[in-house]
Amino acid sequence: MDTITPFDEALVDWEVHARTRAQLGAAFVRILGYFREDGDKSVARIEDAMQRKDATGLVLPAHTIKTEARQFGAEPLGALAEEIEHEARSAIEMHFFPDHLIPQVARLRPLYLQTIDLLERDANPLRQRSSAGPGAA
């Protein structure tokens, strides 16, 4: 389905997204592709670190997702990644593993996939045209 729902609208701050798109110009699609690659790897690294009970292994990939998501206006994803990063850093300082992050890590992949799909739909002019439907101006 190529229509944008109200839930989708809440995933991206389109004003921030438009500013980033304007600033990056022709490089926008390439940088979005890097976000996809980095995000796929970072989510997998976070899930792996949780399984291994490695608090240190949570920090860098969460930081990566946080920073890149916010660059594209994906505030809910950025906020979730920031929570994981912050709690992991605190756990490292306090010498414990943040088991309490299991629900947040479980929400991360679905939120990331929904967000990246929405961003890629917006970036693909062919999908934009096809989602407008016949007779659209």
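Conventions we followed
- Residues numbered from 1 in each chain as written.
- Predicted model: local features only at pLDDT ≥ 70, side-chain atom pairs only at ≥ 80, totals over all residues.
- Heavy atoms only, no water.
- Helix = DSSP H or I, 4+ residues; strand = E, 2+ residues; numbered from the N terminus.
- Expected span 1.5 Å × (residues − 1).
- Buried < 20%, exposed > 50% of the residue type's maximum accessible area, 1.4 Å probe, protein only.
- Contact = heavy atoms within 4.5 Å.
- Axes fitted to C-alpha atoms, helices over the stretch in contact; angles between N-to-C directions.
- Parallel < 35°, antiparallel > 145°, perpendicular 65-115°, else oblique.
- Left-handed = near helix turned anticlockwise from the far one by under 90°.
- Nonpolar A, V, L, I, M, F, W, Y, C, P; charged D, E, K, R; others polar.
- Polar contact = N/O pair within 3.5 Å; in protein donor to acceptor, adjacent residues only side chain to side chain.
- Core = buried A, V, L, I, M, F, W, Y, C linked by side-chain atoms within 4.5 Å.
- Bend = angle between axes of the 7 residues up to and from the residue.
- Salt bridge = Lys/Arg side-chain N within 4 Å of Asp/Glu carboxyl O.
- pLDDT = per-residue confidence, 0-100.
- Phe/Tyr/Trp six-rings, centres within 6.5 Å; stacked < 30°, edge-to-face > 60°.

Could you clarify how one ought to interpret helix α4 (residues 56-71) in this entry?
Working note: α-helix, 3.6 residues per turn, so residues spaced by three or four point in the same direction. For α4, which comprises 16 residues, the first-to-last C-alpha distance of 24 Å matches the rise-based estimate of 22 Å (1.5 Å per residue) to within 8%. Within α4, burial applies to Gly57, Leu58, Val59, Pro61, Ala62, Ile65, Lys66, Glu68 and Ala69. Check the buried side of α4 and you find it contacts α3 (28-52), α5 (75-94) and α6 (102-123). At the C-terminal side of α4, Gly73 shows a positive phi close to 85 degrees.

Honestly, the packing of α4 against α5 in this entry has me stumped. Any pointers?
Any two packed helices are characterised by the angle at which their axes cross and by the distance between the axes. The interhelical angle for the contact between α4 and α5, taken along N-to-C directions, is 155 degrees, at an axis separation of 8 Å. The orientation of α4 relative to α5 falls into the category roughly antiparallel. Regarding α4 and α5, the two cross each other, and that crossing is left-handed. Here Thr56, Leu58, Val59, Ala62, His63, Ile65, Lys66, Ala69 and Arg70 of α4 come into contact with α5, specifically with Glu75, Leu77, Gly78, Ala79, Ala81, Glu82, Ile84, Glu85, Ala88, Arg89 and Ile92. Its residues placed into classes, the contact of α4 with α5 shows 11 nonpolar, 3 polar and 6 charged.

Even after reading the chapter, I still don't get the side chain of Lys66, so can you show me in this structure?
Checked against the element boundaries, Lys66 lands in helix α4. With relative accessibility at 15%, the residue Lys66 sits in the buried group. Separated by 2.8 Å, the side chains of Lys66 and Glu85 make a polar contact. In this structure, Lys66 is in contact with Gly78, Ala81, Glu82 and Glu85, ignoring residues within four places of it in sequence.

What should I look at first to understand the nonpolar core in this one?
A general trend in soluble globular proteins is that nonpolar side chains are found buried together. If you look at the biggest cluster of nonpolar residues, it comprises 35 residues, and the most contacted ones within it are Leu32, Phe35, Leu58, Leu77, Ile84 and Leu108. Among the elements of the structure, α3, α4, α5 and α6 are those that each provide at least two residues to this core. Here Leu32 is in contact with Phe72, Ile116, Leu119, Glu120 and Ala123, once residues within four sequence places are set aside.

I tried to follow α6 on my own but got confused; where do I start?
Over its 22 residues, α6 runs 32 Å from end to end, which matches the ideal 32 Å to within 8%, given 1.5 Å per residue. Along α6, the largest kink reaches about 30 degrees and is centred on Leu108; proline Pro110 follows within four residues of it. Within the span of α6, buried status applies to Gln104, Val105, Leu108, Leu111, Tyr112, Thr115, Ile116, Leu118, Leu119, Arg121 and Ala123.

Would you explain the pattern of salt bridges in this entry?
Any two side chains of opposite charge can pair if their charged atoms end up close together. For the structure shown, the criterion picks out 12 salt bridges. Between Arg21 and Asp122 there is a salt bridge whose closest N-O contact spans 2.8 Å. With a gap of 101 residues between them, Arg21 in helix α2 (residues 14-24) and Asp122 in helix α6 connect regions that are remote in the sequence. For Arg21, a relative accessible area of 29% puts it in the partly exposed group. One salt bridge in this structure joins Arg121 and Asp117, with 3.2 Å as the shortest N-O distance.

How should I be thinking about the confidence of the model for the chain in this particular structure?
The predicted coordinates should not be examined in detail at positions where pLDDT is low. Scored by pLDDT, the chain comes out at a mean of 89, with 85% of its residues at no less than 70. The model gives residues 128-137 a pLDDT under 50, and that stretch makes 5 contacts with residues more than four places away or in other chains.

I'm lost on the packing of aromatic side chains in this one. Help?
The geometry of an aromatic ring pair is captured by two quantities: the separation of the ring centres and the angle between the planes. For the coordinates displayed, the defined rule picks out 3 aromatic pairs. Geometrically, the ring pair formed by Phe35 and Phe72 is stacked, given 5.4 Å between the ring centres and 15 degrees between the ring planes. With Phe35 in helix α3 and Phe72 in the loop between α4 and α5, the pair connects residues that are 37 residues apart, well separated along the chain. Each member of the pair, Phe35 as well as Phe72, carries the same accessibility label: buried. Taken together, the aromatic side chains of Phe28, Phe35, Phe72 and Tyr112 make up a single cluster linked through ring pairs.

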